[in-house]
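Structural features, examined
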Amino acid sequence: MAITFSREAATVLEGRLEDLPELPYISTIHSLCYDILRTNRDLVGKELNLLSNDKNLSIIEGMLDVLE
């Protein structure tokens, strides 16, 4: 298993390890956590959805409006 912080680092690591007979699980920390939650969604008790960049921006803008 190899965990990185960025997608770019994960991609670079995959390239460096491509000659191995079997690639280890390579992921970002965020993707790993999401995979764990998704795999165990029945234990979480809620539907999991990733927000789009537009939705994230909308939420942040709404928070900024409230703070002003």
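Residues numbered from 1 in each chain as written. Predicted model: local features only at pLDDT ≥ 70, side-chain atom pairs only at ≥ 80, totals over all residues. Heavy atoms only, no water.

Below, the discussion takes up a nonpolar patch on the surface. On the surface, M1, I3, F5, Y25 and I29 cluster together to form a nonpolar patch covering roughly 540 Å² of accessible area. For F5, the location among the structural elements is in the loop between β1 (2-4) and α1 (7-17). Here F5 falls in the exposed class, since its relative accessible area comes to 65%. (Patch = residues over 30% accessible without salt bridge, like charges linked within 9 Å, V, L, I, M, F, W, Y side chains within 5 Å. Areas by Shrake-Rupley, 256 points an atom, 1.4 Å probe, with all protein chains shown as cover. Salt bridge = Lys/Arg side-chain N within 4 Å of Asp/Glu carboxyl O. Helix = DSSP H or I, 4+ residues; strand = E, 2+ residues; numbered from the N terminus. Buried < 20%, exposed > 50% of the residue type's maximum accessible area, 1.4 Å probe, protein only.)

We now examine the layout of surface pockets. Considering only enclosed or pocket space, the largest pocket measures out at about 170 Å³ in volume. Around the largest pocket, the lining residues are R7, A10, I26, S27, T28, H30, S31, Y34, R38 and L50. Breaking the lining of the largest pocket down by element, the ones donating at least two residues are α1, β2 (26-28) and α2 (29-39). The residue inventory of the lining of the largest pocket, partitioned by class, reads four nonpolar, four polar and two charged. (1 Å grid on protein atoms, 1.4 Å probe; cavity = no way out; pocket = protein on both sides within 12 Å on 5 of 7 lines; lining within 4 Å. Points joined across faces, edges and corners; volume = space filled by probe spheres on them. Nonpolar A, V, L, I, M, F, W, Y, C, P; charged D, E, K, R; others polar.)

Let us now look at the side chain of S27. Examined against the element boundaries, S27 turns out to sit in strand β2. Note on S27: relative accessible area 5%, which makes it buried. Polar side-chain contacts of S27 include one of 3.3 Å to the backbone nitrogen of L32. Ignoring any residue separated from it by four or fewer positions in sequence, one finds S27 in contact with A2, I3, T4 and L32. (Polar contact = N/O pair within 3.5 Å; in protein donor to acceptor, adjacent residues only side chain to side chain. Contact = heavy atoms within 4.5 Å.)

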